[in-house]
Amino acid sequence: MSDVAIEAIPAVETPLRRFIADYCANRLALAALVVVLVLALLSLLAPWIAPQNPYDLTQISIFDNMLKPGERSMDGNLFVLGTDEQGRDMLSAMLYGLKMSLFVGAASTAMGLAVGVSLGVTAAYFGGRIDAAIMRLVDLQLSFPAILIALILLAVLGKGVDKVILALTLVQWAYYARTVRGNALVERRREYIEAAQCLALPRSRIIFRHLLPNCMAPLIVIATVQVAHAISLEATLSFLGVGVPITEPSLGLLISNGYKYILSGKYWVSLFPGLLLLFTILTINLVGDHLRDLLNPRLKT
Amino acid sequence: MSATLEVAGLETHFVTRAGVVKAVDGVSFSVDRGQVLGLVGESGSGKTVTGLSIMGLVDAPGRIAGGSIKLAGKELVGLDERGWRTIRGRKIAMIFQDPMMTLNPVLRVDTQMIEAIQAHEDVANDVARARCRDALGRVGIPSPEERLSAYPHQFSGGMRQRVAIAIALLHNPDLIIADEPTTALDVTIQAQIIAQVQKLAAETGAAIVWVTHDLAVVSGLSDRLAVMYAGRIIEEGPTAEVLTRPGHPYTAGLLASLPINNPRGRPLNQIPGSTPSLLRLPPGCPFAPRCGACQDDCTVTRPPETRFGMDRRLRCFHPLEASA
Amino acid sequence: MFAFVLRRIGQSAFVVLAMAALVFLSVYAIGNPIDILLAPDADQRERDEAIARLGLDKPVWVQFLTFLGNLAHGDLGKSFVFGSDAVSLILGRLPATLELAIVALVLATFIGIPLGMLAGLRSNTWVGRTVMTGSIIGFSLPNFWFGIMMILLFAVELQWLPSGGRGPTGKLFGLEFSLLNPAGWPNLVMPALTLAVYKVSLVTRLAYAGTREALLQEYVRFARAKGLSQTRIVGVHVLKNILIPIVTVLGLELGSMIAFAVVTETVFAWPGMGKLLIDSIARLDRPVIVAYLMIVVGLFTFINLLVDILYSTLDPRVRLADAGS
C-alpha cells in the first residue's frame, strides 16, 4: 500500500506461548473453546450428573410421557426440559445424546485422519503411479457430496454406531489425504529433507519426524472443522433413519423423535436437543475458524 | 497567476497500533503549467504517499492531517468524496507503477476507458468509444480499433502502460502524477514511455509530478527536482543545479551511488545504513545517523527549511561547500 | 476452446465409468444381485428371467458390459414397491428436486453476494463482524432441525405457511413446476429457504473474502483515480472479479444441493427424488437406490462439466491460456 517502513516488533516469546496468547486475544474464540471443553466434560460425566439414566427402563415411567418443560411427575420428580413420548427426561437424554454425538464425531475424525494422513504421505513420498492412483480416488470422492456418499454406504451397510463411524471416516479421509500430500510435496523439495536423505536417515524417520510436523497446522484446522461437520452429518443421517440405532440415540435421533410431535405443537422434544446440537457445532466451528485465521500464514501481516 | 499545483505544509499521517506514522511531514512545492517536477526518494521516504495525497487517495488508516493542496488556486484539502471525484481523472490523472496490476483483468479495455470518460462527461457510448480509439492511437498503440475490444492480459507490459497513459490523458488533465510508471518495464520500453509522456505533456500543457527512486530517470526529464527523506523534502531546486552541485549530503550520496558516476573496478559508493523507521525518528536531522558530515548540532534539532542559492531550498545545517 | 471441451468431456466420461464400476461392484460383486434387484417374493421363473437378462451366468466382465449396456438403455430394473421402471420413476421426480435446488441456489446468490460484499466493504465495523459471525451460525445450523423449527414457527404457531407437500403446480412441457402457479409458492418458501441457508453462508464468505482481496488491488485504486463512483467500482470492478470464483463454486454446489435436497425433502414431504431415495432405503427398494445413484452421478458429472465450460468463458485469462495450448 504505502511505502512506509514499520519495523517488526522483536519476538521474545516461544512460538507456542505466542500462539496461545494470540488465540486468547479473541474473546469470542476463547469463550467458544471453553464451551467446547465444558460440553465435552458434561458428556463424559453424563452417567453421574444426569437426573436419570434414560435407557434404564426401571427409571422411566410411561405415565410421565410428554410432560412440558418444568412439569413434575406424579412422584414429584422435576423435568426441567420436559419428557419424551416414553416419559424419558429430556435433559438426561440430551446429555447421553451429546456423548454419542461427540463420540461419533471425534472417532470418525480420528480414523479419517489416520487413513488420510497415511495415504497422503504415501502419495507424496512415493509419487508416480501410486500418487496418481491415490489422488484419482481423492478427486473422485471429493467430487461427490459427503451426505450422498455416507447415505449410500449406510444404505448398503445398515444401521449401527460402528457403521456410522465407518461411513464418516470414508467421507473424511480424502480431505486429509489431499492436504497432507499438497503440503508434503512442498516440504519434500526443501533442503532439510534433502539433507536428511543425504544423512541416510531411514524413510520412516524422515516422514514422521520431518515431513509430518510441517503439515500439522492445516491438518489441525481441517480436523477441527471436520469434527463439527461429522457431528452434523451424523445427526442428519440419524434423522434420515440410516444413522445410530434407536437404542443408543444421538442428538440427531432425539430431534428426529421430536419431529413426529411438531405438528401438535410439542416443541420441546426437538427444540432443546437441536439447540444443544447447534451450540456444539457452532462453538467447534468458531474454534476452527479462529485457528484458521491464526495458522494461515497468508493472512499474517 | 497561480501555479498549476501548489502544495504547502502537507502532512499525511497513518495512525497505527504502534503509533502515528508521519509519512508526509510538512512537504511544500509547486509545479507550473507544462513543467515536470521530479520527486525523488528511497522507498519509505513518503514520495508515493505525497502523490496519493494530491489525488485524495490515501486509504485508512492514513489521512491528510494538515497543510494545503491547491490546484490552479483551488483548495483540495477538506473536499468531500464527491468533490474529490470531480477532480480525479478529470483535473488530475495518475499513472501507477505496475501496469500489470492497474488494469482490471476481467474487463475489456474499452469498458475501462469508456467508463473513465463517462465518469465525468455525459456522452454516448459510441462517441466515447471513438475518443478512446483516438487516445490509444495518440499513445502509439497500433490498430487501436481492434485493441479496444481486447482484455488487458493480451497486452505486453509496455503496451498496458500506454493504455494507462491514454486513460490518464482522456480528459486533458491539468496535472499528471506519475508514480514510478517505468520501474516495472524494460529499459528500452522505459525510454519510449518517458519520451511519450514528455511529448504528450508538451502538447497538452499538463504539469507533471514524476515520482521515482531513480535519479537517472528524472535527470533528463524534469525541470525541477525535489529530494525526499523521511517524509520531508530535504532539497529542492532546478534539476541541473541540484545534480551538478548538490547541497544536501544525502543528495550527494544518492548521486555518488549512481553506477555511472563511479569509476570502473572500484566498489560502488553507497550511503551507509538504511532509512530510519518513521515511528522512531532521531530528535535531530533524520539523516544524521547516516551522514558523513554530521556534527553535534545535527542530532539536537531538526534543520529548518532555508533558502539556498538563487532558487533552491534546503534542510541542512551544514550544506556542502561546493555548492555555495 | 474446442480441444478443452473435448478433453473435459473425456474426463467426465471416465468419472461416470468409474462410478458405474463402483456401483456395479457393490451390487454385483459384494451382494447377490438377484437379492438386490429382485423383490424378495419373486418366484423361480422371475429369477431365471433376471439371470438371463443380467447375464449372471457369464463371466464378470461380460456382466459389467451387460450392466453398462442396460445403463445406456436406461434399464436399471423395476421398483419392488411401485412395480414400474426405476429410472423413469426417478426422472419423474427430478423436476421437483431441480426446481427446489435452483430456487435455493438463486436465493443463496441474491442474499449471499450482497451480504458478503457489504461485510467486505465494512470489514472493520460491527456490520461486517455481525455478518461474518452470522455466517458461521449459518454454517453450523443442522439443516433438518432448522427446517423443523421453521415448521414449528411458521406452520404450527403462526400458521402462515403450509407445513409440507408441494401444493398446486403449473405445467410446462408436461412437467410440473411450483413456480408457474402462485398458489404453490407458499409451499416452496420454507423448503427453499432451508436448503439455501448453508449456501447463503458459503456465498457470503466467498463474497466477503473476494471483496476484501479485490479492494486491495491496484486496479481498484486506478479505478478511483479515474474518478469513478464507489457504486461503479463496487458494482462493476469488484463484483465482476469476485463473480468468477462464486459462480464456479455455486455451479459445483448445485450438485450438492440436489444431494442435500434429500434432507429438506424429507422434512417438508417434498415429492422429489431425494424423498423417493429415503423411502426406498427404508423399504429396501434397491433398484431405485441403484438407479438414483447412477442418475445423480450422471447429473453431477454433467454439472461439473458445464461449470468448467462456463468458467472458461467468464474468465478471459483461462480462455486465452487454453487457446494458446
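Values in this document were obtained by computation on a predicted structure and should not be read as measured data. (Residues numbered from 1 in each chain as written. Chains lettered and ligands numbered in written order. Predicted model: local features only at pLDDT ≥ 70, side-chain atom pairs only at ≥ 80, totals over all residues. Heavy atoms only, no water.)

(A) Examining the interface of chain C and chain A more closely. Across the contact, 43 residues belong to chain C and 36 residues belong to chain A. Of the roughly 3,300 Å² buried between chain C and chain A, counting both surfaces, carbon and sulfur atoms make up 83%. It is Ser-140, Phe-144 and Trp-145 of chain C in chain C that bury the most area against chain A; as a group they hold 18% of the surface buried on that side. Across the chain C-chain A interface, the total number found is 1 salt bridge. With its nearest N and O atoms 2.6 Å apart, the salt bridge here joins Asp-289 of chain A to Arg-205 of chain C. For the pair chain C and chain A, the interface holds 5 residue pairs in polar contact (both at pLDDT 80 or more). Among the elements that take part in the side of chain C that touches chain A, helix α10 (residues 230-268) of chain C stands out by supplying 9 residues, more than any other. (Contact = heavy atoms within 4.5 Å. Buried area = accessible area lost by both parts, 1.4 Å probe. Salt bridge = Lys/Arg side-chain N within 4 Å of Asp/Glu carboxyl O. Polar contact = N/O pair within 3.5 Å; in protein donor to acceptor, adjacent residues only side chain to side chain. Helix = DSSP H or I, 4+ residues; strand = E, 2+ residues; numbered from the N terminus.)

(B) Local environment of the state of the cysteines. Within this structure, the stated rule accounts for 0 disulfides over all chains. Cys-285 of chain B forms no disulfide, and the closest cysteine sulfur to it belongs to Cys-298 of chain B, at a distance of 6.1 Å. (Disulfide = S-S within 2.5 Å.)

(C) Summary view of helix α12 (residues 268-295) of chain A. For α12 of chain A, spanning 28 residues, the distance from its first C-alpha to its last is 40 Å, which sits close to the expected 40 Å at 1.5 Å a residue. In terms of burial, α12 of chain A is a largely internal element, 23 of the 28 residues being buried. (Expected span 1.5 Å × (residues − 1). Buried < 20%, exposed > 50% of the residue type's maximum accessible area, 1.4 Å probe, protein only.)

(D) Structural detail: the side chain of Gln-190 of chain B. All names here are of chain B. Here Gln-190 shows up in helix α8 (residues 187-204). Separated by 3.2 Å, the side chain of Gln-190 and the backbone oxygen of Thr-182 make a polar contact. Apart from residues no more than four positions distant in its own chain, Gln-190 is found in contact with Thr-182, Thr-183, Leu-185 and Val-217.

(E) Region of interest: the pattern of salt bridges. On inspection of all chains with the given rule, the structure shows 28 salt bridges over all chains. Here Glu-236 of chain B and Arg-224 of chain B are joined by a salt bridge, their closest N and O atoms 3.0 Å apart. Residue Glu-236 of chain B is found in strand β10 (residues 232-238), and its partner Arg-224 of chain B is found in strand β9 (residues 224-229); the two are separated by 12 residues along the sequence. The exposure class of Arg-224 of chain B is buried, given its relative accessible area of 14%. For Asp-279 of chain C, the salt bridge goes to Lys-275 of chain C, with nearest N and O atoms at 3.3 Å. With Asp-279 of chain C and Lys-275 of chain C both in helix α11 (residues 273-282) and 4 residues apart, this pair spans about one turn of that helix. It is possible to trace a salt-bridge network through shared partners that takes in Arg-108, Asp-110, Arg-129, Arg-133, Asp-134 and Glu-145 of chain B.

(F) Representation of the sheet that holds strand β2 (residues 19-31) of chain B in the model. All names here are of chain B. With antiparallel pairing, 4 strands are arranged side by side in an open sheet as β2-β1-β4-β5. Bordering the open sheet on either side are β2 and β5 (74-75), each of which pairs with just one other strand. With 8 bridges connecting them, strand β1 (residues 5-16) and strand β4 (residues 62-71) associate as antiparallel partners. What sits directly across from Thr-12, in β4, is Ile-64. Along the sheet, helix α1 (residues 47-55) contacts β1, β2 and β4; its crossing angle with β1, the most-contacted strand, is approximately 110 degrees. (Pairing = 2+ DSSP bridges. Axes fitted to C-alpha atoms, helices over the stretch in contact; angles between N-to-C directions.)

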